[in-house]
Structure formats: C-alpha cells, structure tokens
Amino acid sequence: MLGRFITFEGGEGSGKSTQARLLAAQLSRVGISTEITREPGGSPFAEALRAVILDPNMPQHSALSEALLFYSARADHLDNTVRPALNAGQWVICDRFIDSTRVYQGEAGGLPGEIIDVLNHMVVSPTFPDLTFILDIPAELGLGRAHSRRVDKVNPDTEADAYEKRDLAFHWKLREAFREIAAQEPERCVLIDATQEPDAVFAAVWRAVEARLLAPAR
Ligand code: Z5A
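Residues numbered from 1 in each chain as written. Predicted model: local features only at pLDDT ≥ 70, side-chain atom pairs only at ≥ 80, totals over all residues. Heavy atoms only, no water.

Draft legend 1. Main features of the packing of aromatic side chains. Inspection of the entire model under this criterion finds 5 aromatic pairs. When the ring of Phe 8 is compared with that of Phe 133, the centres are 5.2 Å apart and the planes differ by 25°; the resulting orientation is stacked. One end of the pair, Phe 8, is in strand β1 (residues 5-10); the other, Phe 133, is in strand β4 (residues 131-136), with 125 residues separating them in the sequence. Across the pair, exposure class does not vary: Phe 8 and Phe 133 are buried alike. Relative to Phe 178, the ring of Tyr 104 lies with its centre 6.4 Å away and its plane at 70°, an arrangement referred to as edge-to-face. Of the two residues, Tyr 104 is situated in helix α4 (residues 98-108) and Phe 178 in helix α7 (residues 168-184); the sequence distance between them amounts to 74 residues. Grouping residues by exposure puts Tyr 104 and Phe 178 together as buried. Members of the aromatic cluster, each reached through a chain of ring pairs, are Tyr 104, Phe 170 and Phe 178. Sitting above the plane of the Tyr 71 ring, Arg 74 keeps its charged end 4.6 Å from the centroid. Sitting over the ring of Phe 97, Arg 74 keeps its end group 5.2 Å from the ring centre. (Phe/Tyr/Trp six-rings, centres within 6.5 Å; stacked < 30°, edge-to-face > 60°. Helix = DSSP H or I, 4+ residues; strand = E, 2+ residues; numbered from the N terminus. Buried < 20%, exposed > 50% of the residue type's maximum accessible area, 1.4 Å probe, protein only. Lys NZ or Arg CZ within 6 Å of the ring centre and 35° of its normal.)

Note that all results are geometric; they support no functional claim without further evidence.
This is the structure we're talking about:
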C-alpha cells in the first residue's frame, strides 16, 4: 500500500521544521515508518540546487527562472526520495512543497498561475500531497523567530537568505497568499495558528492527522 504524503507550508519562522520533526516522531511511536524531507532539497542533486537558489548574492533573476530551478530540484527530489518512499509504504513529511512556489514565485513574484499549473502537471502529477498544514503567523513574529534561530544556533555572522531579506510588505503578501490557498482547498489543507506554543500547534496537527488520515483506515 502507498504511504501518505504530508506537507508543511507557511512563512519564515512559522515552525514548519519543528512540527515536521514532531510529527515524524509521533508517527514512528504509532508504528508508521516515515521519511522526513524538505524543499528546495531532499536529494543530492536538489540539495546542490538549493545552495544556488538560496544564495543571497545571486544576481537578480526572474520569477520564471527561479521557478524552473525549483521544479528541476523538485523533479529529482520526487524521483529519488519522495516516490520511492511512498511506493515502499512509508509516509513522507515534506517541509515546503508546491504551495510555496504558488505563493513565493506566483502571488509574490508575479509568475502566472497557469505556468505553475503546467509545471505541476509535468513534474508533480500524480504525487500531490494528501494533507497540507499551513502554519499561519504574522510576518514580524515569524521573521523574528527565524532571525533568533540564526543568531542563537548557527553563528552571528550567518546571512539571511534571499527571501528573508525582502521587505515586510512582501512577507505580509506571502501570509495572505497561504491563507487564501487554505481557504480554497479545505479538503487538502488545514490552517493552524502558529503563534501558539509548539506543543499546542502539534496537538492541532495530530488531531488533523488522526481525523483525516488514520481514522478512515481503522
Ligand atoms: N521557496 C520558494 O520560494 N519556492 C518554493 O517552491 C520553495 C521554497 C519550495 C527556503 O528556506 C526558502 O525557499 C523559503 C521559501 C523558498 N524562504 N525563505 N527564507 P528555508 O528552508 O531555509 O527556510 P524556511 O522554509 O523559511 O524555514 P525556516 O525559516 O527555517 O523556519 P521554519 O521551519 O518555519 O521554523 P523552525 O525552524 O521550526 O523554527 C524557527 C525558530 O522558531 C526556531 O528557533 C524554533 O525553535 C522556533 N519555534 C518553532 N516553533 C515555535 C513556536 N510555536 N513558538 C515559539 N518558537 C518556535
């Protein structure tokens, strides 16, 4: 039987990586084997492209050229990490996926939605997520968390990536676009208040996994 595919989406510092790890640990406690991965990245070739995509010193380029890099990385990630795991019956938890493209390159970057639809058809189909968590947080709070994590845990000189450097209006636009996706696709997406403590956020995540993915199988 195919595994289930779960994605976490949201603005910077919304807690996606934290919640992805908590979910992988909880699934393993209930006996479900899980692969945890991320985008951009998640396979050796895609991780190499990640370094290019997130390099804050890259020359200016269009939303289309950026999207094509993301989809090149995504094609390799799907072929070498996501699909093999799902085919082996594992569940896959991915930190960011197609909704990030729709929000960052589409809504915020101006790339027409039809181009993203075509790329999804070429690259992603039929491997769309079964469940997507959209972690919702005011832009200032998320950026503050991302900043403190960088300063606390890496080293004080580490630079913000190309997206973190954008202005606050850009980050508010992202938040609205993620909320819009959640409103448009309620059968796939669950919007969660990410300003709560990590345990409270996770309680909401787990309730949705139980209700939407585990209960029907029982
Ligand atoms: N991007 C794109 O443009 N198009 C695409 O198609 C895709 C991606 C796939 C990847 O960055 C960038 O690529 C991203 C969009 C773009 N933009 N940026 N920047 P990334 O992977 O390097 O970073 P990120 O995805 O934005 O995640 P993040 O900033 O690393 O944060 P996070 O994963 O959401 O949060 P976290 O690491 O779990 O937590 C951040 C800090 O907050 C940390 O210190 C935690 O301990 C703390 N935290 C977490 N949860 C809480 C709660 N609930 N309360 C308080 N503190 C918390």
